[in-house]
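# Notes for the structure review
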Amino acid sequence: GSACPPGYPAPSTRNRLGERQELSHTSSTPPYESFDNRSETGTASREALISHATAQFAHQHRVFFFQLVIAHRWARFIRWDRRGAVITQRFDYISDPHTLVNFLWRFSHMSDEEQGWDPTVSLASKKESSLFQKAVKCFIRSPGSHDGAAVLPHAERTLDDTGTYPVWKICVNNETTGESTELLINRPFA
């Protein structure tokens with residue numbers, strides 16, 4: 001069992017059958033003590049983890065993903081989705097390497113979808129990417145524009161020539177009609 005501070009849920013995970021499994025706690029210190037550290041260093045560490053998660057969601061089409069956090073001899077896993085994060089208790093991976101090895105072995109045997117990749121998204125082909133670029137350029141130069149400015153401000157930002165934001169194809173299903181539509185997307189703008 002675990003001795004979680006008040007207000008924290010008991011850390012758990014779900015096995016491949018979806019059954020809830022509570023994680024065991026092997027440390028002699030409270031499981032969230034170091035993660036909930038309110039010092040400047042603790043706050044900066046949490047801010048960095050959040051920043052990395054935000055960047056990953058901005059650049060990858062994921063439903064969720066895992067982070068492995070290692071500090072000195074301690075490790076923990078974080079599972080991020082678009083609502084927040086679930087954090088495991090820390091564990092001493094030096095005296096108990098089985099937990100880390102077991103996770104990494106299982107993770108390496110998961111499908112892309114089980115690892116959190118969105119199954120409705122795939123990279124667009126070169127032909128589709130070219131079609132997307134032409135459509136955006138045509139839109140920007142449409143009769144509704146004024147002095148080269150698009151009707152939709154900042155639409156030109158979606159023309160990312162750095163390769164940082166590739167063109168993606170997303171399959172959207174209409175739950176009412178059962179029809180599906182493929183959309184081409186690139187760099188978001190607001």
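This section reports on the structure supplied with the text. (Residues numbered from 1 in each chain as written. Predicted model: local features only at pLDDT ≥ 70, side-chain atom pairs only at ≥ 80, totals over all residues. Heavy atoms only, no water.)

## Observations concerning the pattern of salt bridges
Put simply, the test is: The term salt bridge refers to a side-chain nitrogen of Lys or Arg lying within 4 Å of a carboxyl oxygen of Asp or Glu. Secondary structure elements follow DSSP: runs of H or I of four or more residues count as helices, runs of E of two or more count as strands, with numbering from the N terminus. Buried means the residue's accessible area, taken with a 1.4 Å probe over protein chains only, is under 20% of the maximum for its type, while exposed means over 50%, and partly exposed covers the values in between.
Under the counting rule described, the total for this entry stands at four salt bridges. Asp92 is the partner of Arg73 in a salt bridge, and the nearest nitrogen-oxygen pair spans 2.7 Å. Within this pair, whereas Arg73 is found in the loop between strand E3 (64-71) and strand E4 (74-81), its partner Asp92 is found in strand E6 (residues 91-92), the two being separated by 19 residues in sequence. For Asp92, a relative accessible area of 11% puts it in the buried group. The salt bridge partner of Asp81 is Arg79, with a shortest N-O separation of 3.3 Å.

## Examining unusual backbone geometry
One non-glycine residue with positive phi stands out, namely His72, at about 60°. Relative to the assigned elements, His72 resides in the loop between E3 and E4. Look at His72 and you get exposed, because its relative accessible area is 73%.

## Quick look at the sheet that holds strand E7 (residues 121-123)
Going by this rule: The pairing criterion for strands is at least two bridges between them, as found by DSSP. Structural elements are reduced to axes, namely lines fitted to C-alpha atoms, with helices fitted over the stretch in contact, and the angle between N-to-C directions of any two is expressed from 0 to 180 degrees.
Strand order in the open sheet formed by three strands is E7-E8-E9, with antiparallel pairing between adjacent strands. Among the strands making up the open sheet, the edge pair consists of E7 and strand E9 (180-185). Taking each pair of neighbouring strands and ignoring which way they run, the sheet shows an average axis angle of 25°. Where E7 meets strand E8 (residues 168-173), three bridges bridge the pair, whose relative direction is antiparallel. Note on E8: the bridge partner recorded for Val121 is Ile170.

## Concerning the nonpolar core
We apply this condition: Throughout, nonpolar core names a set of buried Ala, Val, Leu, Ile, Met, Phe, Trp, Tyr and Cys residues whose side chains join them through atoms within 4.5 Å. By definition in these notes, contact holds between two residues if any of their heavy atoms fall within 4.5 Å.
In this structure, Leu49, Ala53, Phe57, Phe65, Val69, Ile78, Trp80 and Ile87 together form the largest nonpolar core, which totals eight residues. Secondary-structure elements contributing two or more residues to this core are helix H1 (40-59), E3 and E4. Counting residues per element, this core draws most heavily on H1, at three residues. Phe65 has contacts with Ala53, Gln56, Phe57, Ile78, Arg79, Trp80 and Gln115, leaving out every residue within four places of it along the chain.

## Concerning the pairing of E9
Taken together, the six bridges between E8 and E9 define a ladder with antiparallel strand orientation. Following the sheet pairing, Asn173 is matched in E9 by Ser180. Linking E8 to E9, which pair antiparallel, is a turn of six residues; within it Gly178 sits at a positive phi near 80°.

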